[in-house]
Amino acid sequence: MSMKVLYGTSSPKLGVRVADALDKNAFAVEHRTFPDGEQYVRIPTDIKGEDVIFIQSTSSDSAILETFFVLDALRENGAGRITLVIPYFGYGRQDKVFVEGEAVSSRTIMRILGNLSDSLITVDIHAPHVFEWYGKKAGNIIPYRSIAKKLGEMGVDFILSPDTGALHRARSVADIMGVPFDHLDKTRLSGTEVEMAEKSLDVNGKRVAIVDDIISTGGTIARASDMLKRSGAEKVYAVCTHGLFIGPAIERLTKATDGFMSTDTIESEYSKISVAKEIAEAIKRSGNRNL
Ligand code: R5P
């Protein structure tokens, strides 16, 4: 018995990189869309009795549905243990009831995934407590080392967290790099607007990177960058794990920063850091028998 690595339509480059890091071949799941928008998937290789790693960011509704179809097809075709790798878990921010009557979308998706796979690895998931609804072995990795390495190469000498929620990420990256860090205090006003409490930052002449889990509309980064520049920062970069880059994001980031980038959990031209090695290490640590 061996192990096979497959990937879906939202993670083609990362899927191949993870397979390379595991010294395995990568198989793209066959995928087509019918004229009415319905999806067709097919497992392209014999997986009977084999442990399978399936890599797919659930960054769109169609990617979520594709994931359900693939996992069910893997099981029906006789796969052994199925390890699901979700580099970016969509709906991760709807992890609780904020207003009475709301659906907790993270819970719905996790419950279904728990029925269709045997273990789960996510990257920098917004709220790891959603694993309770998966109900099986699950782990989350945060790519501190890959981010720190890239920022070190760029000569960054100060790390800023845009809010206290992301402070652990900034602290860990700063510790690895051996540079100072600080944080701002953010209040969200709406889906696209945020407010930052004024704070004097010790960044005069520094090359600062703002490090966050997600960049969505870029509002958070724009406000944080403004404060950094007023505090005398020489350069301001923005780095995130998951680059959603929605609506005005690219324009905002281009104006507000000296450069911005994400990892390859959501693949785009701005994916300048790969999390493949960290995913491969997590897969090895998870005790897959056939590695
Ligand atoms: C919020 O909790 C997240 O950590 C990010 O700060 C947020 O999603 C960024 O959103 P935006 O780019 O729209 O400000």
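Nothing here was measured: the structure is a model prediction, and the numbers come from that model.

1. So, the site of the ligand
Near the ligand there are 13 residues, and of these Asp212, Asp213, Thr217, Gly218 and Thr220 occur at the shortest range. For the ligand, an oxygen atom lies 2.5 Å from a polar atom in the side chain of Asp213. Placement of the ligand is best described as lying within the largest pocket. Of all the elements in the fold, those that place two or more residues in the shell around the ligand are β11 (186-188), β13 (207-215) and α7 (219-230). Counted by class, the shell around the ligand contains 2 nonpolar, 6 polar and 5 charged residues.

2. Some details on the packing of helix α2 (residues 61-76) against helix α3 (residues 105-116)
Think of two packed helices as two axes; the pair is described by the angle between the axes and how far apart they sit. One can describe the packing of α2 onto α3 by two numbers: an axis separation of 9 Å at closest approach and a directional angle of 20°. Between α2 and α3, the crossing angle belongs to the class labelled roughly parallel. For α2 against α3, the interelement crossing comes out left-handed. For the pair α2 and α3, the contacting residues are Ile64, Thr67, Phe68, Leu71, Asp72 and Arg75 in the first and Ile109, Ile112, Leu113 and Leu116 in the second. The class makeup of the residues in the contact of α2 with α3 is 7 nonpolar, 1 polar and 2 charged.

3. Focus: the layout of surface pockets
Roughly 690 Å³ of internal volume is contained in the largest pocket. Contributing to the lining of the largest pocket are 30 residues, with Arg93, His126, Lys186, Arg188 and Asp213 lying nearest its centre. At the level of elements, α6 (167-177), β11, β13 and α7 are the ones that each hand at least two residues to the lining of the largest pocket. The element contributing the most residues to the lining of the largest pocket is β13, with 4 residues. Each residue belonging to the lining of the largest pocket can be placed in one class, and the counts come to 9 nonpolar, 11 polar and 10 charged. When residues of the lining of the largest pocket are assigned to domains, at least three fall in each of domain 1 (3-143 + 275-285) and domain 2 (144-273). Taken as a whole, the second largest pocket encloses approximately 240 Å³ of empty space.

4. Some details on empty space enclosed by the protein
Within the structure shown, the criterion is met by 1 cavity of 30 Å³ or more. The space that makes up the largest cavity amounts to roughly 30 Å³. Its residues placed into classes, the lining of the largest cavity shows 4 nonpolar, 2 polar and 1 charged.

5. What about the side chain of Thr220?
With respect to the helices, strands and loops of the structure, Thr220 is situated in helix α7. Setting aside residues no more than four positions away along its own chain, Thr220 makes contact with Pro162, Lys186, Arg188, Val194, Met196 and Asp212.

6. As for α3
The terminal C-alpha atoms of α3, which comprises 12 residues, lie 17 Å apart, in line with the 16 Å expected from a rise of 1.5 Å per residue. Taken as a whole, α3 has its buried residues at Ser105, Ser106, Ile109, Met110, Leu113, Gly114 and Leu116. The arc that holds every buried residue of α3, seen down its axis, measures 165°, which confines them to one face. Looking at the buried side of α3, the elements it contacts are α2, β6 (82-86), β7 (119-123) and α4 (131-134).

7. Here we look at unusual backbone geometry
Backbone geometry places Asp23, a non-glycine residue, at a positive phi of 60°. Structurally, Asp23 can be placed in the loop between α1 (12-21) and β2 (26-28). Among the residues examined, Asp23 registers a relative accessible area of 72% and is labelled exposed. Non-glycine residue Asp124 carries a positive phi angle of around 45°. Within the secondary structure, Asp124 is located in the loop between β7 and α4. Given a relative accessible area of 2%, Asp124 falls into the buried group.

Rules and cut-offs
- Residues numbered from 1 in each chain as written.
- Predicted model: local features only at pLDDT ≥ 70, side-chain atom pairs only at ≥ 80, totals over all residues.
- Heavy atoms only, no water.
- Near = heavy atom within 4 Å.
- Polar contact = N/O pair within 3.5 Å; in protein donor to acceptor, adjacent residues only side chain to side chain.
- 1 Å grid on protein atoms, 1.4 Å probe; cavity = no way out; pocket = protein on both sides within 12 Å on 5 of 7 lines; lining within 4 Å.
- Sits in = over half its atoms within 2 Å of the grid points.
- Helix = DSSP H or I, 4+ residues; strand = E, 2+ residues; numbered from the N terminus.
- Nonpolar A, V, L, I, M, F, W, Y, C, P; charged D, E, K, R; others polar.
- Axes fitted to C-alpha atoms, helices over the stretch in contact; angles between N-to-C directions.
- Parallel < 35°, antiparallel > 145°, perpendicular 65-115°, else oblique.
- Left-handed = near helix turned anticlockwise from the far one by under 90°.
- Contact = heavy atoms within 4.5 Å.
- Points joined across faces, edges and corners; volume = space filled by probe spheres on them.
- Domains from an automatic or database assignment.
- Expected span 1.5 Å × (residues − 1).
- Buried < 20%, exposed > 50% of the residue type's maximum accessible area, 1.4 Å probe, protein only.
- Arc of directions from axis to C-beta.

Any functional reading would require information that these geometric values do not contain.
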